[in-house]
Amino acid sequence: MTKDGTTKPATLADIARKLGVTPMTVSYALKGSSQVSQATRERVTRAAQEMGYRPNAVAQSLKSRRTNIIGLYSGVGYLDARNEYLAEIFGGLQSACDKFHKDLLVHGSFAGRSAEDIYREVASGKIDGLIILQSPASLAH
């Protein structure tokens, strides 16, 4: 239990301790690696389910150096999904991201910021790429 009364998510180390194996064995087993026996893989999988284990996206992104997040910046102002043209673009981007198992993050914080500031956001590692949608002023309303 944490200070706020919530249960802390199970980690690879927690599962390893419970089963008397190494965290690396747990990792290999959960990835379906042939480096562990089928029996061990089943024990690890069962323990992970019982303990409510969920992979940590932050830890995975540190290892893979990818967030699986694509940023969308709609230019000046806000993306108005009620606008048919913009809604089609937004829907297409969502569909493409879904197909490739990526998340789409809509940015509104770049208004008034320089190209260098926007580049720093991308280069910071929070997102893997950035789509900048510059629409004519008539489409913004």
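As a reminder, the structure under discussion sits directly above these lines.
Residues numbered from 1 in each chain as written. Predicted model: local features only at pLDDT ≥ 70, side-chain atom pairs only at ≥ 80, totals over all residues. Heavy atoms only, no water.

(A) Quick look at the overall build of the protein. If you tally the helices and strands in the protein, you get six helices and three strands. Secondary structure elements of the protein, listed N to C terminal, follow the sequence α-α-α-α-β-α-β-α-β. When the 141 residues of the protein are sorted by exposure, 26% land in the buried category. If you take every contact in the protein between residues at least 6 apart in sequence, the share linking residues at least 24 apart comes to 60%. Carbon and sulfur atoms form 55% of the exposed surface of the protein, whose accessible area is close to 10000 Å². (Helix = DSSP H or I, 4+ residues; strand = E, 2+ residues; numbered from the N terminus. Buried < 20%, exposed > 50% of the residue type's maximum accessible area, 1.4 Å probe, protein only. Contact = heavy atoms within 4.5 Å. Areas by Shrake-Rupley, 256 points an atom, 1.4 Å probe, with all protein chains shown as cover.)

(B) Representation of the sheet that holds strand E1 (residues 69–73). What the three strands build is an open sheet, ordered E2-E1-E3; its pairing is parallel. Either end of the sheet is taken by a strand with one partner, and the two such strands are strand E2 (103–107) and strand E3 (129–132). Averaged over all adjacent pairs, the angle separating strand axes in this sheet is 25°, with direction ignored. Note: E1 against E3, four bridges, orientation parallel. Along E3, the bridge assignment pairs Leu 72 with Ile 131. (Pairing = 2+ DSSP bridges. Axes fitted to C-alpha atoms, helices over the stretch in contact; angles between N-to-C directions.)

(C) Structural view of the pattern of salt bridges. Considering all chains together, one arrives at two salt bridges under this definition. Here Glu 50 makes a salt bridge to Lys 18, at a shortest N to O gap of 3.3 Å. Remark: Lys 18 occurs in helix H1 (residues 12–19) and Glu 50 occurs in helix H3 (residues 38–50); sequence separation between them is 32 residues. Residue classification places Lys 18 among the partly exposed positions, given a relative accessible area of 48%. (Salt bridge = Lys/Arg side-chain N within 4 Å of Asp/Glu carboxyl O.)

(D) Just the side chain of Thr 40, in detail. Secondary-structure assignment places Thr 40 in helix H3. Among the polar contacts listed, one links the side chain of Thr 40 to the side chain of Ser 37, at a separation of 3.0 Å. (Polar contact = N/O pair within 3.5 Å; in protein donor to acceptor, adjacent residues only side chain to side chain.)

(E) Inspection of the layout of surface pockets at higher detail. Size it by volume and the largest pocket reaches roughly 500 Å³. Surrounding the largest pocket, 18 residues form its lining, Leu 12, Ser 27, Lys 31, Tyr 53 and Gln 60 being those nearest its centre. Among the elements of the structure, helix H2 (23–30) and helix H4 (57–64) are those that each provide at least two residues to the lining of the largest pocket. A per-class count over the lining of the largest pocket returns ten nonpolar, five polar and three charged. Looking at the second largest pocket, it is lined by 15 residues, and the ones nearest its centre are Ala 57, Ser 61, Arg 66, Thr 67 and Asn 68. In terms of residues, the lining of the second largest pocket owes the most to one element, H4, which gives six residues. Here the residues of the lining of the second largest pocket sort into five nonpolar, seven polar and three charged. (1 Å grid on protein atoms, 1.4 Å probe; cavity = no way out; pocket = protein on both sides within 12 Å on 5 of 7 lines; lining within 4 Å. Points joined across faces, edges and corners; volume = space filled by probe spheres on them. Nonpolar A, V, L, I, M, F, W, Y, C, P; charged D, E, K, R; others polar.)

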